Amino acid sequence: MKFNFFNTKKIIFAAFLLGSVFLFAQEDFSQDEISENSSSEKNFVIIEAKHDYNLNPRTANYSAEAQILTGLYEGLFSYDPITLEPVYAMAKNYRISRDKKRWTFELKEGIKFSNGEPITAETVRSSFLKLLSTQNAPFSSLLDIVQGAEEFRTNNVSEENVGIYALDENTISIHLKTPASHLPKILCMPSFAVTTDDLSIYSGPFCIEEQDENKIILRKNENYYDSENTKTDKITILFSNDEKENVFAYNIGSVDWIASSFDEKTLLSKDSIHLSAEFATQYFFFKFTENSIFNNLNLRRALLEATPWDELRANTYVQAQSLVYALNGYPKVEGYSFTDNLEAKILIKEARNELKIPDEQKIKIRFAITDTDYMKKKAEILKNAWNALGIDLETVLFPEYEYLNRIEETDADLFSYNWIGDFADPLAFLELFRGNSTMNVTGWNNKEFNELLDQAALYTDENHNIILAKAEQILLDEAVILPIQHPVSANIINLDEVGGWAINAFDIHPLKYLFKRESSTSDIPNIVLLTK
C-alpha cells in the first residue's frame, strides 16, 4: 500500500543487512513508557518508524500508514493475514452479471461504526463517492473502471451519474465500464474502506484511544461486527528510529514486533529476523512537463544506454531489469541489463540535433533524492557515467518522509520511487503510468499503453498478463524509468510467541489477527543489559 506506497523503510533494510551504513536520528526512547503500556491486560506492542503519519484512509500514501489503517477501517473486503487474498469483511457474498460488468454485494446484517451508527449500502456508496471527490486521493482513479467514476472525479458529471447504487439497506450494486476481475483485490485497500466525515469514528476492529508524536494506542472496537474474533484487546504502536533502543526493548520482552530500523548486532535472537522479497520495485523516473527537453525520446534512451547498471544495482538482493515483479504466468519483457556507451553517444548526438543543443553545451539534469547516503551514492554513479555525454547532474535533497509529497511541486527532471503493489496483479504497477491515473506522478501519457491496460481488463485468463506485458514493454522502450531493484522487507518478531503474523509479499499484517501465544521463556535481564 501501500500504498501508493512509497516505502523508504524497505530499501533501507535491504541495504542495511548487506552492510551499508545509514544515519538515523538518535532520540530518547522511554523504557518507562513501554513498561507502562505493557500492563497485565493483553497489549501487543509494535515499534514503527517515526515520521508524520497520515491516517486518513482516502489520502494515506505510505505502507507504514496502511499497516495501521488495517486496524482502524474496513470495507467490503479485507486481506487474508497469510495470502493477502481478498476475504469477506462487511460483504457476506456477491454475484456477477452474465456480461461481468455488474457486481452486486450483500452486506452482513447489523454492522456498525464504532459509535454504534449502522452501516448500510448507502453508507458504502457514500464512502466511495467521498473518495472520488477527494482532490489528493492517490488511489481514487482505481475506481475509474466504474461507470461515470472518472467523469465525477474530474468534476464533469454529478454523483447521480456514478454507477454505484444502494438497492436496499443491505445491497449495493457496482456497474463497471469493462469487466474487472481484480475488483475485490482493489477493495481490500484502506482507501476503499467505509468511513464517515468524522475520521475518529471507525469501521475496523480497533479505535484510537490515545495518540501523540511518540505513540498510538488502539483499543478493541466493541461495536465491530467480528469483535469476538479480534485477537488482542489493546495494541500500542511506538514510533522510533533509534536502532539500539528498539532492539533493547525487544530483547527485554517489552516489544513484540519491530517494524522499524534495528541494530542487528545487539539482537539476542537472530531467528527473530524475517526477510522477505516484496511485490515491489525501486526505480527512478523522468518527470514529463510541457517543453521539457526530457520529452525527447533519444535523450532519454541515451541516458539509459550509458547507465552502468551493474554498478547502480550493486549490493541489492534482487536486481530489477524491468518494472513489474513478475507473477506466475507473466511473460518476460526486455528490460535494461547492459550498458552500451557507443549507442549512447549516437543517441545523444541525435538528441542534440533535434533539440538544437550544441555539442559543447552541457545538458543539466536535476535529480531529486532523499537525503540518505544510499541515494547520494546512486546519484554519484549516474553523475559520473553521464558526464561523458555532456550531462551535468545536480542533486536536490529532501528529508525522507517529505520526499513523496514534494515530487509534484519540485522543479526537477528525475525522481526515485519505491513502489509496493497493493494487489497481486501487474496492474498494481502499470496503473502508475496510465495517462489519467491519480497515481501517475510522471506526467507520461501514451495512448497505446492506455488502450492496452483497458484491453487487458477484458480478460481473466492468460491473455490478461500477455496484454499487460505488451504495455510494460512500451513503457520500457520509451525509457520512462530506470529499474533498480525489488526491495526486501525485514521485521523482528518471534513467531513462537506471536500468532496471526506471516511473511507475505506486501509486508502488510492485518492487526485484527495479531495475538500473543503463551510463552514459557523467561527474561534474562543481566545478559540483555550487556548488549546496550
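Basis of the calculations
- Every chain is numbered independently, its residues counted from 1 as its sequence is written.
- Reporting in this predicted model follows two pLDDT cut-offs: at least 70 for local features of residues, and 80 or more for side-chain atom pairs to be given and counted; totals over whole chains, interfaces and linings ignore these cut-offs and use all residues.
- Hydrogens and water are ignored here; the side-chain numbers use all heavy atoms of the structure.
- The helix count covers DSSP runs of H or I at least four residues long, the strand count covers runs of E at least two residues long, and both are numbered beginning at the N terminus.
- Between buried and exposed lies partly exposed: a residue is buried under 20% and exposed over 50% of the maximum accessible area for its type, with that area taken using a 1.4 Å probe on protein chains only.
- Contacts are assigned to residue pairs that have any heavy atoms within 4.5 Å of one another.
- The Shrake-Rupley method, run with a 1.4 Å probe, gives the accessible areas here. Residue values count only the displayed protein chains as cover.
- Throughout this description, the term nonpolar core refers to a set of buried Ala, Val, Leu, Ile, Met, Phe, Trp, Tyr and Cys residues connected via side-chain atoms within 4.5 Å.
- The working definition used for a salt bridge is a side-chain nitrogen of Lys or Arg within 4 Å of a carboxyl oxygen of Asp or Glu.
- Note on geometry: axes are lines fitted to C-alpha atoms, helical ones only across the stretch in contact, with angles between N-to-C directions running from 0 to 180 degrees.
- Angle categories: roughly parallel below 35 degrees, roughly antiparallel above 145, roughly perpendicular from 65 to 115, and oblique for all the rest.
- The crossing is said to be left-handed when, going from far helix to near helix, the turn is anticlockwise and less than a right angle, and right-handed when the turn is clockwise.
- Each residue receives one of three labels: charged for Asp, Glu, Lys and Arg, nonpolar for Ala, Val, Leu, Ile, Met, Phe, Trp, Tyr, Cys and Pro, and polar for the others, Gly being one of them.
- N or O atoms within 3.5 Å of each other form a polar contact, as long as, within protein, one can give a hydrogen and the other can take it, and as long as residues adjacent in sequence are counted only when both atoms are side-chain atoms.
- Note: two strands are recorded as paired if DSSP finds a minimum of 2 bridges between them.
- Handedness of a crossover is defined as follows: orient the strands so they point away from the viewer, and if the path from the first strand over the helix to the second runs clockwise, the crossover is right-handed.

Caption draft 1: View of the overall build of the chain. Broken down by element type, the chain carries 16 helices and 21 strands. Residues classed as buried in the chain amount to 58% of the 532 residues present. Pairs at least 24 residues apart make up 73% of the contacts formed inside the chain by residues separated by at least 6 positions. Just so you have it, the chain exposes about 22,100 Å², and 46% of that area is on carbon and sulfur atoms.

Caption draft 2: Summary view of the nonpolar core. Core analysis: the largest hydrophobic core is formed by 117 residues, its most contacted members being Phe 192, Trp 386 and Phe 433. Element by element, the count of residues in this core is highest for helix H15 (residues 462–477), at seven residues. Once residues within four sequence positions are removed from consideration, Phe 192 is found in contact with Gly 75, Phe 128, Leu 131, Phe 139, Leu 142, Leu 143, Ile 186 and Leu 187. Core analysis: the second largest hydrophobic core is formed by 27 residues, Phe 44, Leu 55, Leu 218 and Trp 501 among them.

Caption draft 3: A look at the environment of Asn 214. Inspection of the secondary structure puts Asn 214 in the loop between strand E8 (206–212) and strand E9 (215–220). Sequence spacing of Asn 214 and Ile 237 is 23 residues, and the spatial spacing of their C-alpha atoms is 8.5 Å.

Caption draft 4: Quick look at the pattern of salt bridges. Counted by the stated rule, this structure contains 25 salt bridges. One salt bridge connects Lys 130 with Asp 197, and the closest N-O pair in it is separated by 3.9 Å. Here Lys 130, found in helix H4 (residues 121–132), pairs with Asp 197, found in the loop between helix H6 (183–186) and E8; they are 67 residues apart in sequence, far enough to count as distant. Using a relative accessible area of 18% as the deciding quantity, one classes Lys 130 as buried. For Asp 197, a relative accessible area of 64% puts it in the exposed group. Close ionic contact of Asp 263 with Lys 244 constitutes a salt bridge, the shortest N to O distance being 2.9 Å. Note that Asp 263 is positioned in the loop between strand E11 (257–258) and strand E12 (273–277) and Lys 244 in helix H7 (residues 243–251), a separation of 19 residues in sequence. On the basis of relative accessible area, Asp 263 is assigned to the buried category, the value being 2%.

Caption draft 5: Structural detail: H7. Among the nine residues that make up H7, eight are buried, leaving the element largely enclosed by the rest of the structure. For H7, every residue scored as buried is listed here: Glu 243, Glu 245, Asn 246, Val 247, Phe 248, Ala 249, Tyr 250 and Asn 251.

Caption draft 6: View of the packing of helix H14 (residues 447–456) against H15. Two elements in contact, H14 and H15, have axes whose closest approach is 9 Å; the angle formed by their N-to-C orientations is 165°. By the criterion of interaxial angle, the relationship of H14 to H15 is roughly antiparallel. Every pair of crossing elements has a handedness; the one defined by H14 and H15 is left-handed. Taken together, the residues of H15 that come into contact with H14 (itself represented by Glu 448, Phe 449, Leu 452, Leu 453, Gln 455 and Ala 456) are His 464, Ile 467, Leu 468, Lys 470, Ala 471, Glu 472, Ile 474 and Leu 475. Residue classes in the contact of H14 with H15 are distributed as nine nonpolar, two polar and three charged.

Caption draft 7: Expanded view of the side chain of His 509. Note on placement: His 509 falls in the loop between strand E20 (498–499) and strand E21 (515–516). According to the relative accessible area criterion, His 509 is buried, its value standing at 1%. A polar side-chain atom of His 509 sits 3.5 Å from a polar atom in the side chain of Trp 501. In this structure, His 509 is in contact with Gln 67, Thr 70, Trp 257, Asn 491, Trp 501, Ala 502 and Asn 504, ignoring residues within four places of it in sequence.

Caption draft 8: Layout of the pairing of strand E17 (residues 414–420). Of all seven residues making up E17, seven are buried, and the element is well covered by its neighbours. Burial along E17 is two-sided: Leu 414, Ser 416, Asn 418 and Ile 420 facing one way and Phe 415, Tyr 417 and Trp 419 facing the other are all buried. Relative to E17, strand E13 (residues 280–286) runs antiparallel, the two sharing seven bridges. What sits directly across from Tyr 283, in E17, is Tyr 417.

Caption draft 9: Highlighting the pairing of strand E15 (residues 363–370). Buried residues dominate E15, accounting for six of its eight residues. Across eight bridges, the pairing between E15 and strand E16 (residues 391–398) is parallel. Looking at E16, one finds that Arg 366 is bridged to Glu 394. Between the parallel elements E15 and E16, the chain passes through helix H11 (residues 373–386) in a crossover that is right-handed.

Caption draft 10: Representation of the sheet that holds strand E7 (residues 171–175). Pairing is antiparallel in the open sheet, where four strands are placed in the order E4-E5-E7-E6. On the outer flanks of this sheet lie strand E4 (91–96) and strand E6 (164–168), each paired with one strand and no other. Pairwise comparison of adjacent strand axes, ignoring direction, gives a mean angle of 25° for this sheet. Where E4 lies against strand E5 (residues 102–107), five bridges are found, and the strand directions are antiparallel.

Caption draft 11: Seen up close, the environment of Val 255. You can see Val 255 is positioned in the loop between H7 and E11. Since its relative accessible area comes to 3%, Val 255 is described here as buried. Residues Val 255 and Leu 238 lie 17 residues apart in sequence; the distance between their C-alpha atoms is 9.2 Å.

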